[in-house]
Amino acid sequence: SGMAERIVRVGLLEDFKIGEARLVRHGVQPFYVVRLDATRIVALSAVCTHVRCILGYDRERRGFVCPCHDGRFDLAGNVLSGPPPRALPTYAVSVRAGEVFVQL
């Protein structure tokens, strides 16, 4: 497509606690960054695939919940329950020199 990849710097790895999710409000593509364990970080769209509400993070269940119609997603973006018709988009994450970058 010739479009430049958009790389978003989201912070220092050491600032992310394991199990914590951070909402990054990036224009029309807000996304969550979640640190799964010592080495793994995932990034997923924060926008519900149903009617585009912004998801909340459910720390106890380790997943995302939609405040509008109670759609639920796991940390891989899969739909667990509710009306969302498809999984959440996920994004590539890289860590360079202790900084976390997400490729949208």
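Before any of the text, the structure's been laid out above.
Here we summarise the structure given alongside this text. (Residues numbered from 1 in each chain as written. Predicted model: local features only at pLDDT ≥ 70, side-chain atom pairs only at ≥ 80, totals over all residues. Heavy atoms only, no water.)

As for the overall build of the protein chain
Counting secondary structure elements, the protein chain contains zero helices and ten strands. Secondary structure elements in the protein chain, listed N-terminal to C-terminal, are β-β-β-β-β-β-β-β-β-β. Taking 2.2 N^0.38 as the reference for a compact globule, 104 residues should give roughly 13 Å; the C-alpha atoms of the protein chain span a radius of gyration of 14 Å, in line with that estimate. Its C-alpha atoms put the protein chain at 40 × 35 × 20 Å along the principal axes. (Helix = DSSP H or I, 4+ residues; strand = E, 2+ residues; numbered from the N terminus. Rg over C-alpha atoms; globule rule 2.2 N^0.38 Å.)

Points about the pairing of strand β3 (residues 31-35)
β3 sits mainly inside the fold: five of its five residues count as buried. Burial along β3 is two-sided: F31, V33 and R35 facing one way and Y32 and V34 facing the other are all buried. Two strands pair when backbone bridges link them, and strand β2 (residues 21-24) and β3 are joined in this way by four bridges, in the antiparallel orientation. From the neighbouring strand, R22 faces β3, where its bridge partner is V33. Hairpin geometry of β2 and β3 is characterised by an intervening segment of six residues between the two adjacent antiparallel strands and by a positive phi of about 55 degrees at G27. Examined bridge by bridge, β3 and strand β4 (residues 41-45) share five bridges and lie antiparallel to one another. Bridging from a neighbouring strand, F31 pairs with S45 of β4. (Buried < 20%, exposed > 50% of the residue type's maximum accessible area, 1.4 Å probe, protein only. Pairing = 2+ DSSP bridges.)

Notes on the environment of R72
On the secondary structure map, R72 appears in strand β7 (residues 72-74). Separated by eleven residues in the primary sequence, R72 and P83 place their C-alpha atoms 8.7 Å from one another.

A few points about the pairing of strand β10 (residues 99-103)
In terms of residue burial, β10 counts as a mostly covered element, since four of its five residues are buried. Sheet analysis places strand β1 (residues 7-12) next to β10, joined by five bridges and oriented antiparallel. Across the sheet, the residue bridging to I7 is Q103, located in β10. In this antiparallel pair of consecutive strands, strand β9 (residues 90-96) and β10, the connection spans two residues, and A97 shows a positive phi of 50 degrees.

Focus: the state of the cysteines
A complete count under the given rule lists one disulfide for this structure. A sulfur-sulfur separation of 2.0 Å characterises the disulfide bridge that pairs C53 with C68. Where C53 bonds to C68 through sulfur, the torsion about that S-S bond is close to -105 degrees, and the disulfide is left-handed. Of this pair, C53 sits in the loop between β4 and β5 (56-58) while C68 sits in the loop between β6 (63-65) and β7, placing them 15 residues apart in sequence. (Disulfide = S-S within 2.5 Å.)

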